[in-house]
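# Architecture and fold: a report
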Amino acid sequence: MKKCLIAPSILSADCARLGEDISKALDAGGDLVHFDVMDNHYVPNLTMGPMVVKSLRNYGITAPIDVHLMVEPVDCIIPYFAEAGANYITFHPEASKHIDRTLQLIKANGCCSGLALNPATPLSILDYVMHKLDTIVIMSVNPGFSGQLFIPSTLHKIHQVRQLINKSGYDICLAVDGGITISNFSKIAAEGADMFVVGSAVFNQIDYKKAIDSMRYIIENPMLSSYY
Ligand code: DX5
Ligand code: ZN
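Residues numbered from 1 in each chain as written. Chains lettered and ligands numbered in written order. Predicted model: local features only at pLDDT ≥ 70, side-chain atom pairs only at ≥ 80, totals over all residues. Heavy atoms only, no water.

The name that an unreviewed UniProt entry assigns to the protein chain is Ribulose-phosphate 3-epimerase, with the source organism given as Candidatus Erwinia haradaeae. Turning to the protein chain, the UniProt annotation filed under Function (unreviewed entry) states: "Catalyzes the reversible epimerization of D-ribulose 5-phosphate to D-xylulose 5-phosphate." For the record of the protein chain, the UniProt heading Pathway (unreviewed entry) holds the text "Carbohydrate degradation." (UniProt positions renumbered as here; feature names shortened; annotations may be inferred.)

The next subject is the UniProt feature "binding site: a divalent metal cation" (unreviewed entry) in the protein chain. Summarizing the sequence annotation, UniProt attributes the feature "binding site: a divalent metal cation" (unreviewed entry) to His34, Asp36, His68 and Asp177 in the numbering used throughout. Spatial clustering of the annotated residues is evident: they stretch over 144 residues in sequence, but the largest pairwise C-alpha distance comes to 10.6 Å. Take Asp36: it is sitting in strand β2 (residues 33-38). Classification of Asp36 by relative accessible area gives buried; the value is 3%. Residues within four places of Asp36 in sequence aside, it is in contact with Ser9, Ile10, Leu11, Thr47, Met48, His68, Met70 and Asp177. Within the local environment of Asp36, its side chain forms a polar contact with the side chain of His34, the two groups lying 2.9 Å apart. With respect to the helices and strands, His68 occurs in strand β3 (residues 65-70). The contacts of His68, once residues within four sequence positions are left out, are His34, Phe35, Asp36, Val37, Thr90, His92, Ala116, Met139 and Asp177. A polar atom in the side chain of His68 sits 3.3 Å from the side chain of His34. (Helix = DSSP H or I, 4+ residues; strand = E, 2+ residues; numbered from the N terminus. Buried < 20%, exposed > 50% of the residue type's maximum accessible area, 1.4 Å probe, protein only. Contact = heavy atoms within 4.5 Å. Polar contact = N/O pair within 3.5 Å; in protein donor to acceptor, adjacent residues only side chain to side chain.)

Across the five residues of strand β7 (residues 173-177), five count as buried, placing the element largely inside the fold. Here β7 shows a buried face lined by Cys173, Ala175 and Asp177 and a second buried face lined by Leu174 and Val176. Bridge analysis of strand β6 (residues 135-139) against β7 gives five bridges, and the strand direction is parallel. Looking at the pairing, Thr135 lines up with Cys173 of β7. Between the parallel pair β6 and β7, the chain is carried across by helix α5 (residues 154-168), and the sense of this crossover is right-handed. Across three bridges, the pairing between β7 and strand β8 (residues 195-198) is parallel. Looking at the pairing, Ala175 lines up with Met195 of β8. Assessed by its sense of winding, the connection that carries the chain from β7 through helix α6 (residues 185-190) to β8 is right-handed. (Pairing = 2+ DSSP bridges. Right-handed = clockwise from strand over helix to strand, strands pointing away.)

Turning to the coordination of the zinc ion (ligand 2), a few remarks are in order. Looking at the metal site, the zinc ion (ligand 2) is ligated by His34 (NE2), Asp36 (OD), His68 (ND1) and Asp177 (OD), spaced 2.1 to 2.3 Å from it. Coordination at the zinc ion (ligand 2) is octahedral: its six donor atoms span angles of 71 to 173° at the metal. Sequence spacing among the residues donating to the zinc ion (ligand 2) works out to H-x1-D-x31-H-x108-D. One exposure class covers both His34 and Asp36, and it is buried. (Donors = N, O, S within 2.8 Å, 3.2 Å for Na, K, Ca; no water. Tetrahedral: all angles 85-135°; square planar, octahedral: opposite > 155°, others 65-115°.)

Rendered as structure tokens:
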């Protein structure tokens, strides 16, 4: 069985002690760091830039860093994130004038490339770029904030993208981002997600390990998890 990845999102972490809080989430079983970048232009919120990625590397974070760009334009900032230590870079197709060029730029900078699709973004956007993608992120909330409610209609979209990936034969990671909780985790897992981005479901809990262990239990015991 392919290993599913749990990606704690920095958006819900304690920014005053970011390195420490992220280390805690990784020690508790998180597989990689989901680094949300917002510009108060593409989305109505503002977060952090490449220098924070570099600081996390200097602090000693060695886990992969998955940069989720919610910025417009995107191309100019990609080399800075790659240089700072990002491993994956994902952007929103609406934020790039030339999607194929942006994907090439991410690869040319040595990172894995991803496209993040908002709840209302059609899947046809994937038609001519599947072969250039390492990750497809299905946004299960509208981007901009942590702690929002999961949009139920995105479950079907996750299912559709799972089928598209399987049919394509490409090794593409299917990630889901937004509103994931222990209560909807089994439904999302059942649709075939490979990566679960979790903000408040980890960082707003007292015991990060208990939260992540429960998620792994659901992944590993799909038949037993109807309780959730
Ligand atoms: C939303 C971000 C998410 C967010 C998830 O725009 O892309 O990564 O941090 O937070 P939760 O899990 O709390 O919805
Ligand atoms: Zn995100």
